[in-house]
Amino acid sequence: MRAHELMQNHIPGSDAWAEVNSDVYDIARRIREGDESGWRGDPNASLMFNPLTQQFEVWMVDGLNQPYIAGSSSRCDHSLIVKLIEGDWQKGRRLLDDIQKKNRTAQAAKEQAQHDQHQELADKLHWALIKDIGHLEGGTKRMYSMNEKGK
């Protein structure tokens, strides 16, 4: 049995909730059948809209045939599936590790770009100082060069 069918008996007022069967992003089907993001799917899951909380909720059935809420969001989009993956005891930790690895890589790239920008500014400032006050040191040419050709 699907969660929507069991909710009538266990949750008072749930008959006013609307089950979402089709949507723009096909989230309802992806919740039941799984998708490419790594969510394995649950054929007993139901995507519901709760008018009291104005939230889209994913309801599933546990081993005792009791419905439970697995995730909710104010939008019916991929964030529901991400919440399901994070809550999945079989996959959640690996997803978190992948996200943290990507974040560390992005942070390192950002720091390297900032370092390169600072190095470029330092080089320009060095050139400007030599140009402006180089005559006080005996010429307007660079005193030191980064390569052998300039010596």
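In this text, all values refer to a predicted model and were calculated from it rather than measured experimentally.

Draft legend 1. Representation of the overall build of the chain. Along the backbone of the chain there are four helices and four strands. Counting from the amino terminus, the chain carries its helices and strands in the arrangement α-β-α-β-β-β-α-α. Counting every position in the chain, which comprises 151 residues, the buried fraction comes to 28%. Put simply, 43% of the contacts in the chain that link residues at least 6 apart link residues at least 24 apart. Total accessible area on the chain is roughly 10,900 Å²; 53% of this is exposed by carbon and sulfur atoms.

Draft legend 2. Up close: the packing of aromatic side chains. Overall, the coordinates contain one aromatic pair when judged by the stated rule. Between F49 and F56, the aromatic rings sit 5.0 Å apart at their centres with planes inclined by 55 degrees, giving tilted as the arrangement. On the basis of relative accessibility, which here comes to 23%, the residue F49 falls in the partly exposed class. Cation over ring: R40 sits above W39, and NZ or CZ is 5.9 Å from the ring centre.

Draft legend 3. Summary view of a nonpolar patch on the surface. On the surface, L125, L129, I133 and L136 cluster together into a nonpolar patch covering about 410 Å² of accessible area. Its location among the elements puts L125 in helix 4 (residues 92–133). Among the residues examined, L125 registers a relative accessible area of 52% and is labelled exposed.

Draft legend 4. Structural view of the pattern of salt bridges. In the structure shown here, the tally under the stated rule is five salt bridges. Salt-bridge contacts for R29 lead to D26; the nearest nitrogen and oxygen are separated by 2.5 Å. Judged by relative accessible area, D26 falls into the partly exposed class, the value being 27%. Residues R75 and D77 are paired through a salt bridge, measuring 3.3 Å at the closest nitrogen-oxygen approach. Taken together, the salt bridges that share partners define one network made up of D26, R29 and E33.

Draft legend 5. Quick peek at the pairing of strand 3 (residues 55–61). Counting buried residues in strand 3 gives six out of seven residues, a clear majority hidden from the surface. Strand direction decides the pairing type here: strand 2 (residues 46–50) and strand 3, joined by five bridges, are antiparallel. Looking at the pairing, N50 lines up with Q55 of strand 3. Hairpin connection between strand 2 and strand 3: a loop of four residues separates the two successive antiparallel strands, and Q54 in this loop has a positive phi of roughly 60 degrees. The hairpin formed by strand 3 and strand 4 (residues 67–73) contains five residues between the paired strands, and N65 there has a positive phi angle of roughly 65 degrees.

Draft legend 6. Spatial organisation of the side chain of D77. Mapping D77 onto the fold places it in the loop between strand 4 and helix 3 (78–87). Classification of D77 as buried rests on a relative accessible area of 7%. One polar contact links D77 to S79, side chain to side chain, over a distance of 2.5 Å. Discounting chain neighbours no more than four positions away, the residues touching D77 are Y25 and I27.

About the cut-offs
Residues numbered from 1 in each chain as written. Predicted model: local features only at pLDDT ≥ 70, side-chain atom pairs only at ≥ 80, totals over all residues. Heavy atoms only, no water. Helix = DSSP H or I, 4+ residues; strand = E, 2+ residues; numbered from the N terminus. Buried < 20%, exposed > 50% of the residue type's maximum accessible area, 1.4 Å probe, protein only. Contact = heavy atoms within 4.5 Å. Areas by Shrake-Rupley, 256 points an atom, 1.4 Å probe, with all protein chains shown as cover. Phe/Tyr/Trp six-rings, centres within 6.5 Å; stacked < 30°, edge-to-face > 60°. Lys NZ or Arg CZ within 6 Å of the ring centre and 35° of its normal. Patch = residues over 30% accessible without salt bridge, like charges linked within 9 Å, V, L, I, M, F, W, Y side chains within 5 Å. Salt bridge = Lys/Arg side-chain N within 4 Å of Asp/Glu carboxyl O. Pairing = 2+ DSSP bridges. Polar contact = N/O pair within 3.5 Å; in protein donor to acceptor, adjacent residues only side chain to side chain.

All quantities given are derived from atomic positions and should not be read as evidence of function.
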